[in-house]
Amino acid sequence: MSLLPDPVRRFAAWCAVLLLAAGVGWVGVRLCGEFRTAVTPVLLALLGTALLRPLYRRLVRTGVQRSLAAGLTCVAVVAVVGGAVYIVVAALIDSGDQILVSLRLAAKSVARHFGAAGTGLDDLAANSRELLGKFGGTAASGVISGVSVVGESMAMAVLALLLVFFFLRDADRALNALRSVVPGGASGTVEAMARRAFRAVEGFMRGTTLIALIDAVCITVGLLILQVPGAVGLGALVFVGAYIPYLGAFISGAVAVLVALADRGFVIALWALGVVVAVQVLEGHVLQPVIQSRTVQMHPAVVLLAITAGASVAGILGMLLSVPLTAAAFSVAQELRDRYGGRGPQGTAASDEDRPAEPSGTPSAPPTGPSPSTPPDRPAS
């Protein structure tokens, strides 16, 4: 290696580091895939804890015992999530057939205008239920043999809810355990990384939920004014799709416009498109900067790559989890850069806070020349 020039040695070192990181990441992904029935509830519980922790803190501040506060928080989330799921499912069931019929009519309209190029859309709309059934069967075949999808999902949901209870109640104990496991010199750094990553996930979950609710309400009201069929179901689709940034909003908005085109005509479809675009502009220029100003700001290209990677690893669940996990990773990298990026003997100059102060008992050296503020001694007369 000493015969190689210095740039080549540096390039080889970076290649070795990248290969090692890629290998560790690949092994981690494979292990998570093998133990997905245990890993998935933990990740969902972390997201739920990040979303519910403000309510838990408020209950504790009012004097409620910690275990009781965690239990009340879990009961509240079961009631809210159960009610929301019931409303969404009922809305989709009531308007699902109408939405499918409207999509099929829209596909036929596209086929009439564009000829043979639109027949594939017509076939897709006509056989949508069959395709969904085949997709569900394919997804179910990948699950652990002998366990149904519904049963496994319910078991993971119950486990995630129990983990939310323990994560809310025992967060301080978890930090103490983390400090006891990590070697002494690095315990502070690891704790700061964990806190910063959790704050990023907490901000993402709260901000995304509020933005999804605002988007769904605005688009639902707009579609109701335009008398688009299935407006409530389309609004529910917008709410769920908002947890997948960019891609979810595009898909749900496109479905709403197609339904308006099929049932209400071209003019109403343009108005529906205007409503969707106006809501997206409101989200991008007002809601995102104001509501998610404290979260990690990621470039849209990074978000899309994270969603694509999550979909390739774990399907829809991976798409939902990829963005908050990426935000946590960015926060950890930011914490490391803040701590070690600009300090050290070979780095930039240390700030005034990092420089050691002079001992108070050591007198400073006298000035070598006369002080500019004192006049020179007058000669004796």
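Residues numbered from 1 in each chain as written. Predicted model: local features only at pLDDT ≥ 70, side-chain atom pairs only at ≥ 80, totals over all residues. Heavy atoms only, no water.

Remarks on the packing of helix α7 (residues 171-181) against helix α8 (residues 187-225)
Here's step 1: Orientation of α7 relative to α8, taken along the N-to-C sense of each, is 145 degrees, at an axis distance of 9 Å. Of the two possible hands of crossing, α7 and α8 adopt the one that is right-handed. The residues of α8 that touch α7, namely those facing Leu175, Leu178 and Arg179, are Ser187, Val190, Glu191, Ala194 and Arg195.
Here's step 2: Looking at the contact of α7 with α8 residue by residue, the classes come out as four nonpolar, one polar and three charged. (Axes fitted to C-alpha atoms, helices over the stretch in contact; angles between N-to-C directions. Helix = DSSP H or I, 4+ residues; strand = E, 2+ residues; numbered from the N terminus. Left-handed = near helix turned anticlockwise from the far one by under 90°. Contact = heavy atoms within 4.5 Å. Nonpolar A, V, L, I, M, F, W, Y, C, P; charged D, E, K, R; others polar.)

What about the packing of α8 against helix α11 (residues 266-291)?
Here's step 1: Where α8 meets α11, the closest approach of the two axes is 10 Å, and the angle between their N-to-C directions is 155 degrees. Looking at the two axes, α8 sits roughly antiparallel to α11. In this structure, α8 crosses over α11, and the sense of that crossing is right-handed. Facing Gly207, Leu210, Ile211, Ile214, Asp215, Cys218, Ile219, Gly222 and Leu223 of α8, the residues of α11 in contact are Ala272, Val275, Val279, Glu283, Leu287, Gln288 and Ile291.
Here's step 2: Looking at the contact of α8 with α11 residue by residue, the classes come out as 11 nonpolar, three polar and two charged. (Parallel < 35°, antiparallel > 145°, perpendicular 65-115°, else oblique.)

Some details on the environment of Ile251
Here's step 1: On the secondary structure map, Ile251 appears in helix α10 (residues 247-264).
Here's step 2: On a C-alpha basis, the gap between Ile251 and Gly241 in space is 7.8 Å, while along the polypeptide they are 10 residues apart.

Some points on unusual backbone geometry
Here's step 1: Its identity is not glycine, yet Gln227 carries a phi of approximately 60 degrees, on the positive side.
Here's step 2: Here Gln227 is to be found in the loop between α8 and α9 (231-241).
Here's step 3: By relative accessible area, Gln227 is classed as exposed at 54%. (Buried < 20%, exposed > 50% of the residue type's maximum accessible area, 1.4 Å probe, protein only.)

A short note on α8
Here's step 1: Taking 1.5 Å per residue, 39 residues should reach 57 Å; α8 reaches 57 Å between its end C-alpha atoms and fits that length.
Here's step 2: Directly beyond the C-terminal end of α8, a positive phi value near 60 degrees is found at Gln227. (Expected span 1.5 Å × (residues − 1).)

Notes on a positive patch on the surface
Here's step 1: There is a patch of like positive charges on the surface, built from Arg57, Arg58, Arg61 and Arg206.
Here's step 2: If you tally residues by element for the positive patch, the top one is helix α2 (residues 36-61), at three residues.
Here's step 3: The class of Arg61 is exposed, set by a relative accessible area of 68%. (Patch = residues over 30% accessible without salt bridge, like charges linked within 9 Å, V, L, I, M, F, W, Y side chains within 5 Å. Areas by Shrake-Rupley, 256 points an atom, 1.4 Å probe, with all protein chains shown as cover. Salt bridge = Lys/Arg side-chain N within 4 Å of Asp/Glu carboxyl O. Lys, Arg positive; Asp, Glu negative; His and termini not counted. Charge placed at Lys NZ, Arg CZ, Asp CG, Glu CD.)

Here's the deal with the nonpolar core
Here's step 1: Core analysis: the biggest nonpolar cluster contains 18 residues, and Leu47, Val201, Met205, Met298, Val303, Ile307 and Val323 have the highest contact counts within it.
Here's step 2: Of all the secondary structure elements, the ones that give two or more residues to this core are α2, α8 and α12 (300-340).
Here's step 3: Once you skip the residues sitting within four places of it in the chain, Met205 turns out to touch Leu47, Ala50, Leu51 and Tyr243.
Here's step 4: Grouped together as the second largest cluster of nonpolar side chains are 15 residues, Val228, Val238, Val259 and Val279 included. (Core = buried A, V, L, I, M, F, W, Y, C linked by side-chain atoms within 4.5 Å.)

Describing a nonpolar patch on the surface
Here's step 1: A cluster of nonpolar side chains, Phe266, Val267, Leu270, Trp271, Leu273, Val277 and Val281, forms an exposed patch at the surface whose accessible area comes to about 710 Å².
Here's step 2: Examined against the element boundaries, Val277 turns out to sit in helix α11.
Here's step 3: With a relative accessible area of 43%, Val277 lands in the partly exposed category.

By themselves, these are just geometric observations and shouldn't be taken as functional.
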